Structures are given as structure tokens and as C-alpha cells.
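Take a look at the letters that make up each chain.
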Amino acid sequence: MVRSFTDAYALNELADSQQVFDISLKIKDFPRLTEAVEREMDALEPAERPPSWVDLPVSGKIGFGYADERSGSVSAELAVSAEVPVVCQRCLELFEFELETAAALLFAQDGADGDGVAVREGYESWELNDDRVRPAELVDEALVMAMPFAAKHQEDRCGASFAPDEEERNTTRPFADLKALMAGADKKRDPAE
Ligand SMILES: [Zn+2]
């Protein structure tokens, strides 16, 4: 049976059939990811925004099964990657961030007695309101959680690596500090002249 990635299914149905979805989609197919990237783009002038970022690819897979047959606990493993445009919080320039996330989830139903799903090593517990799940929503949420909180270029690629507010720079660039100090001293002298 061909199942759609965006539909909701009973957990057991997906686990029984060991359902695997191959994902070859676009950012715009994931509403929450789109929203998160949009927030990044808000920091840019409209002309600076990459014109078709919503069409950038998202790829990977998510597969369902049972963590162990005896308990009947449904699990999912996912591995997804995307190239998302983000704004470097150091130099405020746009760059493409390699978003990658991989997880093994163990589903816990709200309202089930606490012993229903024991915490298992290697799995993240994932709460559901009922016994149905939308694979697309799971992946969307996993992608959003993997978004960088404050994206930054790697240091050697960042145009703002000489920014004076970078404290870690102070120790490696003593002369920059000295220069700043001297500039400050000059200013202080100014009123007296
Ligand atoms: Zn930067």
C-alpha cells in the first residue's frame, strides 16, 4: 500500500508495515520550517533575500517499527537534511546553513499509564495526543528543533571576525586592543585641546 507522507496514520499501522518514507521535498512543504526561515529572512532587506529559498531541497527518510515486540512500543527513526538560508548573527550576512538532524523516537501516548513506555536508551521519548501521527509533521518539528538558535559563520568565513565586541578575539589580537585603547585615549584628550 502506498501511503502519503502528509496524511495521518495509526501508529500501529505504520509500525506493522515497517513503513519507510523517502523524503525528497522542498522547504515550502514544511510549514513550521518555512516559518522559522521566514523569521531569519525578516532581518534582511527584501532585495537581499534569496528569491526562491522556499524551493530549496529537504531530503532524507523516516521509518517506523517496534522498539521491541514485547512492549509494542512504536518507534521511528529519521535522518533528514536541508540547506536553509540563515543570517549570521555576527556579520548579519546571509549564508546557507547545512541543517541535519537524525533521531530515534519512541512514542508515548498522552493519558497512557506511566509504565506504558519506559525510557529506553538510545531513544527520545515523543509525546502524542492520540495514537495517530503525521510523518510530515514529525519531520517538520525535527527540522525546526535543529535550526540554529543564533546562526554564525564558521570563524574563518565570517566577514565580521574583526568585530571589536568579540571577547575571544581580544586574547589573540592584542594589538587590536591596543589600537582601540589608543583611539579611546585620543578621544578623551580632545575636549582639553
Ligand atoms: Zn558572519
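Look a little higher up for the structure.
What you are looking at is a predicted structure, and each value in this text was computed from that prediction instead of being measured.

### Here's the deal with the overall build of the protein chain
- Helix and strand content of the protein chain: 5 helices and 7 strands.
- Considering the protein chain as a whole, with its 193 residues, one finds that 20% of them fall into the buried category.
- Contacts in the protein chain between residues at least 24 apart in sequence constitute 65% of all its contacts with a sequence separation of at least 6.

### A short note on the nonpolar core
- Ranked by internal contacts, the top residues of the largest apolar core, which has 32 residues, are Ile27, Val80, Val139 and Leu143.
- Among the secondary structure elements, those contributing two or more residues to this core are helix 1 (11–16), strand 2 (20–26), helix 2 (31–41), strand 3 (57–68), strand 4 (73–87), strand 5 (94–109) and helix 3 (135–146).
- Setting aside residues up to four positions removed in sequence, leucine 143 forms contacts with Phe30, Leu33, Val80, Ala82, Leu99 and Thr101.

### Considering unusual backbone geometry
- At glutamine 18, a residue that is not glycine, the phi angle is positive and equals roughly 50°.
- Considering the arrangement of structural elements, one finds glutamine 18 in the loop between helix 1 and strand 2.
- Under the C-beta neighbour-count criterion, glutamine 18 is labelled exposed, with 10 such atoms within 10 Å.
- Residues other than glycine seldom take positive phi values, yet leucine 92 does so here, at roughly 60°.
- Its place among the elements puts leucine 92 in the loop between strand 4 and strand 5.

### Looking at the packing of helix 2 against helix 3
- Between helix 2 and helix 3, whose axes approach to 7 Å, the crossing angle comes to 25°. By the angle between their directions, the pair helix 2 and helix 3 is classed as roughly parallel. Residues Pro31, Arg32, Leu33 and Ala36 of helix 2 lie in contact with helix 3, whose contacting residues are Asp140, Glu141, Leu143 and Val144.
- Of the residues that constitute the contact of helix 2 with helix 3, the class distribution is 5 nonpolar, no polar and 3 charged.

### Comments concerning the environment of methionine 147
- Of note, methionine 147 is situated in the loop between helix 3 and helix 4 (167–172).
- Along the primary structure methionine 147 and phenylalanine 97 are separated by 50 residues, whereas in three dimensions their C-alpha atoms are 8.9 Å apart.
- In this view, methionine 147 contacts Ala36 and Leu99; residues no more than four positions away in its chain are not counted.

### Quick word on helix 2
- Regarding helix 2, the residues found buried are Leu33, Ala36 and Val37. Within helix 2, the buried residues cover an arc of 95° as seen down the axis, which keeps them to one side. In helix 2, those exposed residues whose orientation departs by more than 90 degrees from the buried face are Glu35 and Arg39.

Each value, and the rule that gives it
For every chain, the first residue of the written sequence is number 1, and numbering continues from 1 onward in sequence order. Where local features are concerned, this predicted model is filtered to residues with pLDDT of at least 70; where side-chain atom pairs are given and counted, the filter is 80 or more; whole-chain, interface and lining totals use all residues. Helix numbers and strand numbers start at the N terminus; a helix is a DSSP run of H or I with at least 4 residues, a strand a run of E with at least 2. Exposure criterion: with C-beta atoms placed from backbone coordinates, a residue whose C-beta has 20 or more other C-beta atoms within 10 Å is buried, one with 12 or fewer is exposed, and one in between is partly exposed. The contact criterion used is a C-beta to C-beta distance within 7 Å, with each C-beta placed from the backbone. Buried Ala, Val, Leu, Ile, Met, Phe, Trp, Tyr and Cys residues whose C-beta atoms connect them within 7 Å together make up a nonpolar core. An axis is simply a line fitted to the C-alpha atoms; with a helix, the fit covers only the stretch in contact. Between two such axes, the angle follows the N-to-C directions and lies from 0 to 180 degrees. Should an angle lie under 35 degrees it is considered roughly parallel, over 145 roughly antiparallel, and from 65 to 115 roughly perpendicular; all remaining angles are considered oblique. Gly counts as polar in this scheme, as do all residues outside two lists: the nonpolar Ala, Val, Leu, Ile, Met, Phe, Trp, Tyr, Cys and Pro, and the charged Asp, Glu, Lys and Arg. Note that the arc is computed from the directions linking the helix axis to the C-beta atoms.

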